[in-house]
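The lines below spell out each chain.
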Amino acid sequence: MSRVYNFAAGPAVLPLEVLQEAKDDLLDYKGCGMSVMEMSHRSKVFDDIIKEAEADFRKVLNVPDNYKVLFLQGGATLQFAAIPMNLMKNRKAGFVITGNWANKACQEAAIYGEAVELASSKDKTYTYIPDCSDLPITDDMDYVYICENNTIYGTKFWTLPNTKGKLLVSDQSSCFLSEPVDVSKYGLIMAGVQKNVGPAGVVIVVVRDDLVTDDVLPGTPTIMKYKTQADKDSLYNTPNCWGIYMCGLVFKWLLRTGGLEERKKINVKKAQILYDYLDQSKLFKGTVEKGSRSIMNVPFVTGNKDLDAKFVAEAEQNGLVNIKGHRTVGGMRASLYNAMPIEGVQKLVEFMDKFERENR
Ligand SMILES: *Cc1c(COP(=O)(O)O)cnc(C)c1O
């Protein structure tokens, strides 16, 4: 077996321990004679899997009792539509535009109502989080929407916006379960799990229970109503059984390794190693303003496209893979999700240092 250090932004690295557990369970899940991929979603065995996954998830994120937890399909992208369909009663919501994903959510919501841009960091290619202390929020807005960690641009909201009493809706896909979060500050949190939690194909929605009602926009498909899914404990139709099982194993891994407090310490430490190196480097440069830096996704450049390409190629030969930046930013991006071990970041920085000495 030969494992690389995988810096992909998503789908991304999973904990090796979890993959090994899945391997052990693969052909015969706990003596039931079949794999999780083959069993009925109505079976007792799977019911235990999904119930345990939800219970563990609630422990990991410290989810208050008045919030529903839904394991859905269609990715974060389908939630760009589901959120307005379920929550945009007045047909108006505000959006903080911090990059592609916030933009996509805003454009999708505009199909259903008025999607107002409250602030944007487009003027500087989304390299910072705009000041959200006094946004032009109006009384008729149903919610304020943010993309909390911007996977592509490497920025993160370290202070939540002042929503002036309106619901806060957050896409946490790329920072989900990377640190403790006060769920009670949000009306809804959603995250595609393939960044930091599990395999592609599951999106987790955490939504305050008073928002889960039959009062949705006309034309909302039954399956996209949060009420439908909540009433059936995410088993309205066949869910992504395997994906939910894998997420469950990751929740257990998080719990036995100290939970999100410990996870945050490790994640901060990993990011610090890379940022410290970038801040003193004469060759590489981080692209994000200091106060807005993500600890999950770290974009950087040399300022020379050919040199960037050379770096990416040589990094790959050294087992440091998927480090090429997003096509809209160029350069490099190292994603340092929960399952990236600290040694991976140390190896990356050692390699960058060597590359810098050879190419200056
Ligand atoms: C990856 C990503 C998405 C899109 O997720 P899909 O599961 O592909 O729909 C949305 N928002 C953020 C912040 C992401 O990182």
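What counts, and at which threshold
- Residues numbered from 1 in each chain as written.
- Predicted model: local features only at pLDDT ≥ 70, side-chain atom pairs only at ≥ 80, totals over all residues.
- Heavy atoms only, no water.
- Buried < 20%, exposed > 50% of the residue type's maximum accessible area, 1.4 Å probe, protein only.
- Helix = DSSP H or I, 4+ residues; strand = E, 2+ residues; numbered from the N terminus.
- Pairing = 2+ DSSP bridges.
- Axes fitted to C-alpha atoms, helices over the stretch in contact; angles between N-to-C directions.
- Parallel < 35°, antiparallel > 145°, perpendicular 65-115°, else oblique.
- Contact = heavy atoms within 4.5 Å.
- Nonpolar A, V, L, I, M, F, W, Y, C, P; charged D, E, K, R; others polar.
- Left-handed = near helix turned anticlockwise from the far one by under 90°.

Q: Break down the pairing of strand 2 (residues 67–72) for me, with residues and values.
A: Within strand 2, five of the six residues are buried, which leaves it mostly tucked inside the rest of the structure. Bridge analysis of strand 2 against strand 10 (residues 203–208) gives six bridges, and the strand direction is antiparallel. From the neighbouring strand, Tyr-67 faces strand 10, where its bridge partner is Arg-208.

Q: Kindly report on the packing of helix 7 (residues 259–280) against helix 9 (residues 342–359), identifying the contributing residues and their values.
A: Where helix 7 meets helix 9, the closest approach of the two axes is 9 Å, and the angle between their N-to-C directions is 10°. By the angle between their axes, helix 7 is roughly parallel relative to helix 9. Along its contact with helix 7, which presents Lys-269, Lys-270, Ile-273, Leu-274, Tyr-277 and Leu-278, the element helix 9 presents Ile-342, Val-345, Gln-346, Leu-348, Val-349, Met-352, Asp-353 and Glu-356. Of the residues that constitute the contact of helix 7 with helix 9, the class distribution is nine nonpolar, one polar and four charged.

Q: Now, about the packing of helix 3 (residues 75–87) against helix 4 (residues 100–109): what can you tell me, with residues and values included?
A: Working note: a packed helix pair is described by the angle between its axes plus the distance between those axes. It is the contact of helix 3 with helix 4, at a shortest axis distance of 9 Å, that shows an interaxial angle of 45°. Classified by the interaxial angle, the pair formed by helix 3 and helix 4 is oblique. For helix 3 against helix 4, the interelement crossing comes out right-handed. Contact residues: helix 3 offers Thr-77, Phe-80, Ala-81 and Pro-84, while helix 4 offers Trp-101, Lys-104, Ala-105, Glu-108 and Ala-109. Each residue belonging to the contact of helix 3 with helix 4 can be placed in one class, and the counts come to six nonpolar, one polar and two charged.

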